[in-house]
Amino acid sequence: MVIFAALLLFALNAVAQSAALPAASVEVDALAKEVAEKGWLVYGARGDNGTWDLFLSRPDGSQRRNITNSPDAEEAAPRFSPDGTKLLYRRMNRGAEINHDKWGFQGQLILANGDGSNPVAFGGEGEYPWATWSPDGRQVVCLFPKGIKVYDLNSKSVVREFARQGIYQQLFWSPDGNWFCGVANNQGESWTVVRVDAASGEVNAARKYQNCTPDWDPDSNHIILSSRPAGQPGAAGYGYTQLWLVSGDGAEQQLLYGEDGSHIYGGAFSPDGQYVIFTKDPTDGRASEKDGAPMCIVRAKDTPMITGESADLRKLHPITKNGPVLTLEKGWEPHWSYF
Amino acid sequence: MFTVFKKFNTVRKVVAISVCFLALLPCICCGKPAASVPSKVSQVGTTEVTAVLEEVRGEFVNRANYDYAFVMKYKVTAVHRGSVEGDTIYVAHYNPQKPRSAAADARVPAIGGNVKRFRAGDVHRMALKARIDDYYMGGIINRYFEEYKGVIYWAVWTDDAQ
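Source: prediction; values computed, not measured.

Engineer: It is not clear to me how the overall build of chain B should be interpreted in this structure. Could you clarify?
Structural biologist: Within chain B, the secondary structure is distributed over 1 helix and 7 strands. Listed N to C, the secondary structure of chain B is α-β-β-β-β-β-β-β in terms of helices and strands. Out of the 162 residues in chain B, the part that is buried amounts to 30%. If you take every contact in chain B between residues at least 6 apart in sequence, the share linking residues at least 24 apart comes to 70%.

Spelled out as structure tokens, the structure:
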């Protein structure tokens, strides 16, 4: 009798849970199905061996596989080449702490095929700092104290050199080849995301005050970045970091995604600009020193989006949209390719 | 009996004080600890000065996750090595909230000194490099940007020179 009652309760509970499946969950499932076949994500995450490895997965999180699986090394910050056939990333010795702001200086630059096969060290420890792809994938651009250098991948020779204009980390080349963006000291202000004209070397601020992890919108006219605006009362006045979209000239400034209580970093668009991926962490800025943070995907057309109660943020941005947030495994600095 | 004991005690005190004085004599004579190690201030950087810290403008940013260099204003009283333009210079110190002996890290490995904290009016002997952008790649808080566009020195070694 008791067993029967317990089974009945269990069954009723299951039915109740199923009936109460929130509409949001249905929308999340729909988003997962929508992105499932749209290329691949690559990202760093802790492997079973305890070190940071690189993983490939479909954008819905399926077909996840460890493509480095190296117990003697820490791998981080992968980027697909623009045609998706190659990867670049940094590899450090086992136990090295991956610093969220210094990773571009750390370890060796590794070039590999897009599926992680055939990894080759391109340079020694600390060489080719902050390397990132040229639009045609034949060059990498690196950031040094005395300037920015463009290297030909075949010859390893410097084909161009110019002033870094205050940029000190996270340098990226626009898909159309006309611009660079990065985090810079600019007009006396640090943590400013700037845009540099690739032809003239002229610099302009795209967004000032507490910004980082910039990356290009596929249109090459806008930059996606993380920003912690001043004057937020949350976190005892420290505030929370949100995802923003700004025009390269700084004229347009638009919230993309935020949630009070979380810090949003590592924002990147899907190659067609239809989706946005990012990481979401309740603590600020040390995801790479720990185990990463949950990765999330939203539709670009559903932004600006605020989730959670977020009373303070909603006051500042009363007009937002709603949409599903697809939450994936923990990772760091995800990148997306349709190839 | 009590007087004898008191006299003996006084003699003992005099002897003890004399021994201590003799032991400390080398330090007193040369004005520094007997076993002092030569400072790196004369070995690193390209310019070496003694200067008064005139101003620390505003508060340091005390956020553990973020490293930065902070620009301070100095009045130079002596140039020991190299040269500086004028007697007012602007010097950036890395993570100024930390004692100089604990400020170096993976990004900035080769800095140091014995200054424990920065206070206006203190006198520092510094080994410097110029310009900062040629040697340091990281956030810089420069609250003099509107009024001064010249060279910002990078502090490699900072010793107390009171």
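Engineer: When you look at the overall build of chain A in this model, what are you seeing that I'm missing?
Structural biologist: The helix and strand inventory of chain A stands at 3 helices and 24 strands. Radius of gyration (C-alpha) of chain A: 21 Å, near the 20 Å computed for a compact globule of 339 residues. Seen through its C-alpha atoms, chain A measures out along the principal axes to roughly 80 × 45 × 35 Å. The buried share of chain A, reckoned over its 339 residues, is 45%. Across chain A, every contact between residues at least 6 apart in sequence was considered, and the portion connecting residues at least 24 apart equals 46%.

Engineer: I would appreciate a short explanation of unusual backbone geometry in the present structure.
Structural biologist: Leaving glycine out, the prevailing phi sign among residues is negative, and the prevailing peptide bond configuration is trans. Residue and element names in this part refer to chain A. Put simply, Thr303 and Pro304 share a cis peptide bond, and its omega is 0°. Within the secondary structure, Pro304 sits in the loop between strand S22 (293-299) and strand S23 (305-306). The phi angle at Lys156 is positive, at roughly 60°, despite the residue not being glycine. A count of 11 C-beta atoms within 10 Å places Lys156 in the exposed class.

Engineer: Which parts of the structure should I look at to understand the environment of Leu143 of chain A?
Structural biologist: Residue and element names in this part refer to chain A. With respect to the secondary-structure elements, Leu143 resides in strand S9 (residues 139-144). Owing to 23 C-beta atoms within 10 Å, Leu143 belongs among the buried residues under this scheme. On a C-alpha basis, the gap between Leu143 and Ala131 in space is 7.2 Å, while along the polypeptide they are 12 residues apart.

Engineer: How should I be thinking about the nonpolar core in this particular structure?
Structural biologist: Nonpolar side chains tend to gather and get buried jointly when the protein is soluble and globular. Residue and element names in this part refer to chain B. Ranked by internal contacts, the top residues of the largest apolar core, which has 114 residues, are Ala92, Leu128, Tyr153 and Trp154. A total of 6 residues in this core trace back to one element, the largest contributor, which is strand S7 (residues 152-160). Apart from residues lying up to four places away in sequence, Tyr153 is in contact with Ile89, Tyr90, Val91, Ala92, Leu128, Lys129, Ala130 and Ile132.

Engineer: Honestly, the interface of chain A and chain B in this entry has me stumped. Any pointers?
Structural biologist: A common way to express how large an interface is: the accessible area buried when the components associate. Across the contact, 14 residues belong to chain A and 16 residues belong to chain B. The residue inventory of the side of chain A that touches chain B, partitioned by class, reads 4 nonpolar, 6 polar and 4 charged.

Engineer: Any chance you could explain the environment of Gly95 of chain A here in plain terms?
Structural biologist: In this fold, Gly95 of chain A is placed in the loop between strand S5 (86-93) and strand S6 (108-113). With 186 residues separating them in the primary sequence, Gly95 of chain A and Asp281 of chain A have C-alpha atoms 23 Å apart.

Engineer: Explain the sheet that holds S23 of chain A to me, please; I cannot follow it from the model alone.
Structural biologist: Strand pairing in a sheet takes place through backbone hydrogen bonds and is either antiparallel or parallel in direction. Residues and elements named next belong to chain A. Here 5 strands make up an open sheet; going across it, the order is S16-S17-S18-S19-S23 and the pairing mixed. Strands at the two margins of the open sheet, each flanked by one partner only, are strand S16 (211-216) and S23. As judged from the 2 bridges shared by strand S19 (residues 253-258) and S23, these two strands associate in the parallel manner. Bridge pairing links Gly258 to Ile306 in S23.

Engineer: Explain the sheet that holds strand S12 (residues 167-173) of chain A here, please?
Structural biologist: All names here are of chain A. An order of S12-S13-S14-S15 is seen for the 4 strands of this open sheet, with the pairing classed as antiparallel. Pairing within the sheet leaves two strands with one partner each, and these edge strands are S12 and strand S15 (203-207). On average, each strand axis in the sheet is tilted by 30° relative to the strand beside it, whichever way the strands run. With 7 bridges joining them, strand S13 (residues 179-186) and strand S14 (residues 189-197) adopt antiparallel strand pairing. Among the inter-strand pairings, Val183 is bridged to a residue of S14, identified as Val193.

About the cut-offs
- Residues numbered from 1 in each chain as written.
- Chains lettered and ligands numbered in written order.
- Predicted model: local features only at pLDDT ≥ 70, side-chain atom pairs only at ≥ 80, totals over all residues.
- Helix = DSSP H or I, 4+ residues; strand = E, 2+ residues; numbered from the N terminus.
- Buried ≥ 20, exposed ≤ 12 C-beta atoms within 10 Å, placed from the backbone.
- Contact = placed C-beta atoms within 7 Å.
- Rg over C-alpha atoms; globule rule 2.2 N^0.38 Å.
- Core = buried A, V, L, I, M, F, W, Y, C linked by C-beta atoms within 7 Å.
- Nonpolar A, V, L, I, M, F, W, Y, C, P; charged D, E, K, R; others polar.
- Pairing = 2+ DSSP bridges.
- Axes fitted to C-alpha atoms, helices over the stretch in contact; angles between N-to-C directions.

Take it as geometry only, folks, not as evidence of what the structure does.
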